[in-house]
Amino acid sequence: MPDRPDDPEAKPVPAKDVDDPPRRKGKDVDDPPRRRSKWSLDLTDDDTLGADNSDDGTPVDVQPEKGSTFRFAAFGALLVVVLFAGYGLGRLNNGTTATTATAPAAATSTGTTVINENMPHTHGATGTGVAATGAVIGGLSLSSDGLTLHPAGTTFQAGKPQRLSFTIDATGGVPVTSYAIVHDKPLHLIVARRDLTGFQHLHPEMAGDGTWSIDLTLARPGIYRMIADFTALVGGQQIATTLGTDLTVAGDYAPLALPAPATSATVAGLTVTYEGKPDTKAVQPLLMTVTGGAVEPYLGAYGHLVVLREGDVAYLHVHPEQQLVDGKVKFWVTAPSSGTYRMFFDFQVAGQVHTAEWTLTVA
């Protein structure tokens with residue numbers, strides 16, 4: 001018969017504390033309960049390899065229970081899924097980015113680099129500027145890509161030849177002295193008044209200290225934009241960019257209105273027409289036809305197309321396909337934005353270089 005609570009002979013039964021940890025063989029009964037990190041797997045003490053679970057207290061290796069084996073497998077599967085998901089997203093992102101081909105470069109005997117540009121392309125703010133949707137523009141900044149345009153003087157007198165000198169300074173103000181040869185020249189200099197008149201495509205000479213110089217004549221008063229287009233060799237890397245600044249010619253500035261848009265121009269008895277309509281959405285073909293003479297290669301190509309935007313004189317320099325297409329010079333052009341532009345097509349006939357000009361409106 002069970003002991004009754006009021007039986008004086010009954011032995012007291014100790015109350016069981018539900019929070020006490022289970023007691024195991026070989027363990028001190030006074031050991032504190034094991035605390036588990038919030039980042040740990042849900043394993044019991046007996047699940048752990050090397051636990052003190054022998055009768056004499058020595059550690060022995062035991063195999064995890066079936067539950068813990070499942071948890072390990074599930075955790076590993078989750079890691080595999082996460083890794084493959086990240087890899088898939090990376091491939092997906094890369095797949096939506098247009099690939100830009102960079103033409104190989106070859107060193108010259110002087111140690112400079114010649115760019116073998118074997119496809120039509122543009123020169124813009126940075127990089128090789130291979131023609132692609134969303135044309136980049138340049139010439140809007142005095143500094144870019146760690147390089148700074150530093151002119152010795154920016155004030156000119158109208159109609160008088162004057163020496164224009166400048167350096168391209170790297171970080172720390174040290175002039176750059178090594179440049180890649182791009183279309184037969186290490187640097188192309190574009191000068192135009194801010195009303196897009198007085199266009200000049202020049203090639204200054206560089207001294208050993210990195211100073212570029214050329215005699216420049218600015219015909220009329222006004223503000224002119226000089227744009228240096230080059231590929232500098234700095235720290236073993238090629239940095240292709242365009243930098244620009246203003247030149248001032250004192251006097252009364254009377255801006256001229258741009259001629260109406262047209263597809264034909266006459267220069268030195270030659271008629272030059274173009275076919276195509278650039279827009280901002282996709283690369284479009286632009287074909288130039290010269291009537292009255294045979295087009296000859298000039299600066300490594302059958303022509304050079306410079307496009308300047310009205311207002312800020314943003315700059316786009318486009319090179320054509322290497323071969324004529326049915327006797328035409330073929331460019332691929334994307335307008336960087338809607339607005340009014342002035343196009344300047346440099347070409348050579350009978351050893352003479354000419355420039356045809358058009359006004360272009362992009363809706």
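Refer to the preceding data block for the structure.
Treat the numbers as computed from the prediction; the structure is a model and nothing was measured.

Visitor: Could you clarify how one ought to interpret the sheet that holds strand β14 (residues 237-249) in this entry?
Guide: One key point about sheets: their strands pair by backbone hydrogen bonds, in either a parallel or an antiparallel sense. Read from one edge of the open sheet, five strands run β6-β14-β13-β9-β10, paired in mixed fashion. Of all strands in the sheet, those with a lone pairing partner are β6 (155-156) and β10 (200-202), marking the two edges. Bridge count between β6 and β14: two bridges; the pairing is parallel. Residue phenylalanine 156 lies in a different strand from β14, and its bridge partner there is valine 249.

Visitor: Would you mind going over the sheet that holds strand β4 (residues 143-144) with me for this structure?
Guide: Across the sheet, five strands lie side by side as β4-β5-β7-β12-β11; this open sheet has antiparallel pairing. Pairing within the sheet leaves two strands with one partner each, and these edge strands are β4 and β11 (205-206). In the sheet, β11 pairs with strand β12 (residues 211-216) via two bridges, with the strands oriented antiparallel. Looking at β12, one finds that methionine 206 is bridged to tryptophan 212.

Visitor: Where do I start with the packing of aromatic side chains in this structure?
Guide: Aromatic ring pairs are defined here through the distance separating the ring centres and the angle between the ring planes. Following the criterion strictly, the structure yields six aromatic pairs and no others. Between tyrosine 179 and phenylalanine 230 the ring centres are 5.8 Å apart and the planes differ by 80 degrees, which places this aromatic pair in the edge-to-face class. Residue tyrosine 179 is located in the loop between β7 (162-169) and β8 (180-181), and its partner phenylalanine 230 is located in strand β13 (residues 222-234); the two are separated by 51 residues in the primary sequence. Exposure class is identical for tyrosine 179 and phenylalanine 230. Each is buried. Among the aromatic residues, ring-to-ring pairing joins Tyr179, Trp212 and Phe230 into one connected group.

Visitor: I'm lost on the pattern of salt bridges in this one. Help?
Guide: Side chains that differ in charge, positive against negative, can pair when their charged atoms come close. Counting across every chain of the model gives seven salt bridges. Salt-bridge contacts for arginine 225 lead to aspartate 246; the nearest nitrogen and oxygen are separated by 3.1 Å. Taken together, the positions of arginine 225 in strand β13 and aspartate 246 in strand β14 put the pair 21 residues apart, joining distant regions of the chain. Glutamate 275 is paired through a salt bridge with lysine 328; the nearest N and O atoms lie 2.6 Å apart. Of this pair, glutamate 275 sits in strand β16 (residues 270-275) while lysine 328 sits in the loop between β20 (315-319) and β21 (329-333), and the two are 53 residues apart along the sequence. Taking the relative accessible area as the measure of exposure, lysine 328 reaches 22% and is therefore partly exposed. One network of salt bridges, in which partners are shared, links Arg194, Arg225 and Asp246.

Visitor: Teacher, can you tell me more about the nonpolar core here?
Guide: Proteins that are soluble and globular tend to have nonpolar side chains buried together. Met288, Leu305, Phe331, Phe345, Phe347 and Trp358 are the most contacted members of the largest nonpolar core, which totals 27 residues. Those elements that place two or more of their residues in this core are β15 (264-267), β16, β17 (284-291), β19 (304-309), β20, β21, β22 (339-349) and β23 (352-362). Here this core takes five residues from β22, the largest share from any one element. Beyond its immediate stretch of four places on either side in the chain, leucine 305 contacts Leu286, Met288, Leu316, His317, Val318, Phe331, Val333, Met343, Phe344 and Phe345. Listed in part, the 26 residues of the second largest apolar core include Leu187, Trp212, Leu218 and Ala228.

Visitor: Quick question: what am I supposed to make of the pairing of strand β9 (residues 187-193) here?
Guide: Every other side chain in a regular strand lies on the same face of the sheet, so the side chains alternate between the two faces. Taken across its seven residues, β9 has seven buried, putting it largely inside the fold. Side chains Leu187, Leu189, Val191 and Arg193 project from β9 onto one buried face, and the interleaved His188, Ile190 and Ala192 project onto a second face that is buried too. Pairing of β9 with β10, which is carried by three bridges, proceeds in the antiparallel orientation. From the neighbouring strand, isoleucine 190 faces β10, where its bridge partner is histidine 201. Connecting β9 to the antiparallel partner β10 that follows it, the hairpin turn spans six residues, and leucine 196 within it adopts a positive phi of roughly 70 degrees.

Cut-offs and rules
- Residues numbered from 1 in each chain as written.
- Predicted model: local features only at pLDDT ≥ 70, side-chain atom pairs only at ≥ 80, totals over all residues.
- Heavy atoms only, no water.
- Pairing = 2+ DSSP bridges.
- Helix = DSSP H or I, 4+ residues; strand = E, 2+ residues; numbered from the N terminus.
- Phe/Tyr/Trp six-rings, centres within 6.5 Å; stacked < 30°, edge-to-face > 60°.
- Buried < 20%, exposed > 50% of the residue type's maximum accessible area, 1.4 Å probe, protein only.
- Salt bridge = Lys/Arg side-chain N within 4 Å of Asp/Glu carboxyl O.
- Core = buried A, V, L, I, M, F, W, Y, C linked by side-chain atoms within 4.5 Å.
- Contact = heavy atoms within 4.5 Å.

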